[in-house]
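# Observations on the three-dimensional arrangement
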Amino acid sequence: MSSSSTTTTTTRLLMLKASDGVTFEVEEAVATKLGAINNMVEEEGSEDLICLPNVNGKFLGMVLEWCKKHANNNTNSDKGNDEVNKWWDKEFVMDLDQNTLYHLLMAADYLSGTELVDLLTEKVASMIRGKKVEEIRETFKIKSDFLPGQEEEIRKKNSWAFE
Amino acid sequence: MAVDRISKLPDPLIHHILSFVPTIDVVRMSILSRRWRHIWYSVPTLDFCDIDQIDRFCFHHQPHKAFYKFVDKCLKHRWRSMRYIADSVITRIKLHTEYYRDSAVLDNWLNFVVRGNVEELDLCIRPEDFDNFVYYCLPESVLNARSLTVLKLDNLTFDGSCSVSLPSLISLTLTDLELHDEALHNLLLGCPALENFLLRECSGMHNPRISSSTLKFVGILGEETSEMIEIETRNLQSFIYDGNCENVNLSACKAIRNLSLLHCLLDKQKLEDIICGLPLLESFTISLYSKSKHFRICGQHLKSIRMEKIYNQEEVEVTIEAPNLVSLCYKGSYLSGELEKDLSFTMAQSKVSEG
């Protein structure tokens with residue numbers, strides 16, 4: 001949310017390398033929105049190539065795109081930007097398929113992009129809320145691996161939640 | 001072919017997702033698969049809201065009783081599981097329900113979450129019978145919850161003379177509460193770290209005094225009984241008042257940057273004293289009421305002014321002396337006639353003076 005501390009560092013560029021070898025050149029102020037990268041820069045400086053072996057180029061690209069938008073919106077002075085960010089966030093998560101959502105969430109979590117994790121987990125939660133268990137199972141393709149009768153047993157044991 | 005991705009997420013991320021889902025649905029997800037069976041024991045946020053979630057119990061002949069039973073059982077299971085599940089702390093709980101005059105049950109629930117070091121508590125306990133209001137009285141444990149950072153209390157009461165110690169509390173919201181001056185004073189004395197304080201639709205105050213050196217935001221909305229309000233908070237940055245008190249004293253709050261006075265009944269002199277006595281004021285919002293016909297708005301740092309005319313009234317004359325003004329927005333409307341006229345304009349110039 002607040003990026004006032006990063007605005008003083010002018011447009012220094014960082015080189016990030018994804019697991020599949022794809023590299024990205026990103027402004028430091030943008031990339032340090034990610035806690036993990038911020039820590040690496042603070043500890044080891046920003047001259048060397050930063051390798052991110054747990055993130056694939058496609059999803060790293062998407063995470064950085066999100067960071068860039070938020071960094072840009074936040075530089076144009078205070079108010080109104082919350083609205084812009086919210087609107088843009090909505091667009092960002094609107095049409096994500098579950099596969100992309102999964103990888104993005106894993107990437108955002110690995111990079112400690114707290115705000116992005118919040119946005120993505122809330123998106124998944126919105127796909128759960130108001131649905132019956134069978135609908136949730138269908139939405140997320142969750143297969144039951146209970147032994148025969150076991151599900152019924154849980155229902156009975158916790159009947160206070162299923163009545 | 002779509003595959004099950006969500007079950008592959010690590011536990012902390014699943015807990016995070018389920019923090020945004022009503023607890024009843026989270027518990028029911030335990031029959032999805034073995035992966036999901038015990039997840040609900042570790043979700044740090046509990047959300048019990050009878051109004052939003054009563055449809056889950058609609059097959060029950062007494063849905064509200066079923067809801068109560070659910071909350072009770074759920075908390076008891078969580079309590080028992082804490083002994084053998086490491087990451088099963090409850091950090092946030094929302095409980096919105098009707099009050100069936102069984103205070104012992106509610107006390108038990110709250111004592112349990114307070115003992116577990118809950119950090120955020122959002123309570124709304126509506127009286128059952130609107131002809132004969134009986135409010136739930138908050139147990140002392142909640143007012144002495146050392147780990148609490150956010151507290152929202154709605155439609156209940158508390159003993160105004162009991163000792164209060166909320167050393168970590170940062171945000172406090174009181175809604176629809178009967179609150180006397182002494183109780184308010186006593187409460188705030190027990191909150192040495194409080195930064196945000198919102199009072200909404202509270203009654204019973206006559207001369208409330210809000211005094212604190214940590215408060216940054218104070219909002220008093222829908223206030224109708226006070227004769228005089230005194231705010232003595234030297235680090236206050238934002239103040240919103242929506243009520244009909246004619247005497248609001250902000251003279252000790254020199255750090256205010258954002259000020260909103262809505263439905264304001266202050267006379268010209270008091271209004272000008274307030275506005276012109278705030279040297280750092282940057283943003284000012286006022287909805288004009290009959291008493292303030294001619295007045296002056298001044299401020300070296302004022303960047304934004306919003307004015308709204310609520311009732312169909314005579315002319316209003318405002319003189320603005322703000323050399324650094326960037327935005328001025330005026331909205332006028334005629335509520336009585338079929339004619340609705342809205343006027344809104346923004347100016348980008350350094351000197352604005354208007355008659």
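Residues numbered from 1 in each chain as written. Chains lettered and ligands numbered in written order. Predicted model: local features only at pLDDT ≥ 70, side-chain atom pairs only at ≥ 80, totals over all residues. Heavy atoms only, no water.

This paragraph deals with the side chain of Arg56(B). Secondary-structure assignment places Arg56(B) in the loop between helix 4 (50-53) and helix 5 (63-81). In contact with Arg56(B), other than residues within four places in its own chain, are Gly130(A), Glu163(A), Pro22(B), Ile24(B), Asp25(B) and Arg28(B). (Helix = DSSP H or I, 4+ residues; strand = E, 2+ residues; numbered from the N terminus. Contact = heavy atoms within 4.5 Å.)

Below, the discussion takes up the pattern of salt bridges. All names here are of chain B. Within the structure shown, the criterion is met by 19 salt bridges over all chains. The closest approach of N and O atoms between Arg-56 and Asp-25, which form a salt bridge, is 2.6 Å. A residue pair is termed long-range when its members are at least 10 positions apart, and Arg-56 in the loop between helix 4 and helix 5 and Asp-25 in helix 2 (residues 23-28) qualify at 31 residues. Taken individually, Arg-56 and Asp-25 each receive the classification buried, so the pair is uniform in this respect. Here Lys-216 makes a salt bridge to Glu-195, at a shortest N to O gap of 3.8 Å. Within this pair, whereas Lys-216 is found in the loop between strand 7 (209-211) and strand 8 (217-223), its partner Glu-195 is found in the loop between helix 7 (181-189) and strand 6 (196-200), the two being separated by 21 residues in sequence. Since its relative accessible area comes to 36%, Lys-216 is described here as partly exposed. (Salt bridge = Lys/Arg side-chain N within 4 Å of Asp/Glu carboxyl O. Buried < 20%, exposed > 50% of the residue type's maximum accessible area, 1.4 Å probe, protein only.)

A surface patch of like charges, here negative, comprises Glu42(A), Glu43(A), Glu44(A), Glu47(A) and Asp48(A). Structurally, the position occupied by Glu47(A) is in the loop between helix 2 (35-44) and strand 3 (50-52). (Patch = residues over 30% accessible without salt bridge, like charges linked within 9 Å, V, L, I, M, F, W, Y side chains within 5 Å. Areas by Shrake-Rupley, 256 points an atom, 1.4 Å probe, with all protein chains shown as cover. Lys, Arg positive; Asp, Glu negative; His and termini not counted. Charge placed at Lys NZ, Arg CZ, Asp CG, Glu CD.)

Per the stated rule, a full pass over the model turns up 1 disulfide over all chains. Through a disulfide, Cys276(B) is tied to Cys298(B); the S-S separation comes to 2.5 Å. Taken together, the residues Cys276(B) in helix 8 (residues 268-276) and Cys298(B) in strand 14 (residues 294-298) connect sequence positions 22 residues apart. In this structure Cys67(A) is a free cysteine whose sulfur lies 18 Å from that of Cys51(A), the closest cysteine sulfur available. On the basis of relative accessible area, Cys67(A) is assigned to the buried category, the value being 0%. (Disulfide = S-S within 2.5 Å.)

Moving on to empty space enclosed by the protein. By the definition in use, this model includes 2 cavities of 30 Å³ or more. In this model, the largest cavity occupies a volume close to 90 Å³. Of all the elements in the fold, those that place two or more residues in the lining of the largest cavity are helix 5 (98-110) and helix 6 (114-128) of chain A. At 4 residues, helix 5 of chain A tops the list of elements feeding residues into the lining of the largest cavity. By residue class, the composition of the lining of the largest cavity is 8 nonpolar, 1 polar and 1 charged. Approximately 40 Å³ is the volume found for the second largest cavity. For the lining of the second largest cavity, the elements supplying multiple residues, two or more each, are strand 2 (92-99), helix 6 (103-115) and strand 3 (120-127) of chain B. Of the residues that constitute the lining of the second largest cavity, the class distribution is 8 nonpolar, no polar and 2 charged. (1 Å grid on protein atoms, 1.4 Å probe; cavity = no way out; pocket = protein on both sides within 12 Å on 5 of 7 lines; lining within 4 Å. Points joined across faces, edges and corners; volume = space filled by probe spheres on them. Nonpolar A, V, L, I, M, F, W, Y, C, P; charged D, E, K, R; others polar.)

The residue Ser112(A) is not glycine, and still its phi comes out positive at about 55 degrees. At Asn155(B), a position not held by glycine, the phi torsion is positive, near 60 degrees. Mapped onto the fold, Asn155(B) is located in the loop between strand 4 (150-154) and strand 5 (171-175).

What follows concerns the sheet that holds strand 11 (residues 248-249) of chain B. The pairing of strands in a sheet comes from backbone hydrogen bonds and takes either a parallel or an antiparallel form. Residues and elements named next belong to chain B. If you trace the 3 strands from one edge of the open sheet to the other, you get 7-9-11, paired in parallel fashion. Sheet topology places strand 7 and strand 11 at the edges, where each strand pairs with a single neighbour. Two elements, strand 7 and strand 9 (residues 229-232), share 3 bridges in a ladder whose sense is parallel. If you follow Arg-209 over to strand 9, its bridge partner there is Glu-230. (Pairing = 2+ DSSP bridges.)

Moving on: the UniProt feature "domain: SKP1 component POZ" (unreviewed entry) in chain A. Mapped onto this structure's residue numbering, the UniProt feature "domain: SKP1 component POZ" (unreviewed entry) falls at residues 14-72 of chain A. Structurally, residues 14-72 of chain A is divided into 51% helix and 22% strand, and its ends, taken at the C-alpha atoms, are 17 Å apart. (UniProt positions renumbered as here; feature names shortened; annotations may be inferred.)

Take the interface of chain A and chain B next. In this complex, chain A contributes 36 residues to the contact, which on the side of chain B involves 37 residues. Note on chain A versus chain B: buried area summed over both sides is about 3,400 Å², and carbon and sulfur give 68% of it. Looking only at chain A, the three residues that lose the most surface to chain B are Tyr102(A), Trp160(A) and Glu163(A), adding up to 22% of its buried area. For the pair chain A and chain B, the interface holds 1 salt bridge. In this structure, the salt-bridge partner of Asp145(A) is Arg34(B), at a minimum N-O distance of 3.6 Å. Our count for the contact surface shared by chain A and chain B stands at 7 residue pairs in polar contact (both at pLDDT 80 or more). Only helix 5, helix 6, helix 7 (133-140), helix 8 (150-157) and helix 9 (159-162) of chain A provide two or more residues apiece to the side of chain A that touches chain B. (Buried area = accessible area lost by both parts, 1.4 Å probe. Polar contact = N/O pair within 3.5 Å; in protein donor to acceptor, adjacent residues only side chain to side chain.)

For chain B, per-residue confidence averages 87 on the pLDDT scale, and residues scoring 70 or more make up 89% of the total. If you check the scores for this complex, the pTM reads 0.87 and the ipTM reads 0.89. (pLDDT = per-residue confidence, 0-100.)

Let us now look at a positive patch on the surface. Side chains of Lys69(B), Lys73(B), Arg80(B) and Arg83(B) sit close together on the surface and give a patch of like positive charge. We classify Lys73(B) as partly exposed; its relative accessible area is 34%.

This part takes up helix 5 of chain A. One turn of an α-helix holds 3.6 residues; hence residues three or four places apart share an orientation. Residues and elements named next belong to chain A. Taking 1.5 Å of rise per residue, 13 residues should cover 18 Å, and helix 5 covers 18 Å from first to last C-alpha, within 8% of that figure. All of the buried residues in helix 5 are Thr-100, Leu-101, Tyr-102, Leu-104, Leu-105, Ala-107 and Ala-108. With a side-chain oxygen lying 3.0 Å from the backbone nitrogen of Asn-99, the N-terminal cap of helix 5 falls on Asp-97. At the C-terminal side of helix 5, Ser-112 shows a positive phi close to 55 degrees. (Expected span 1.5 Å × (residues − 1).)

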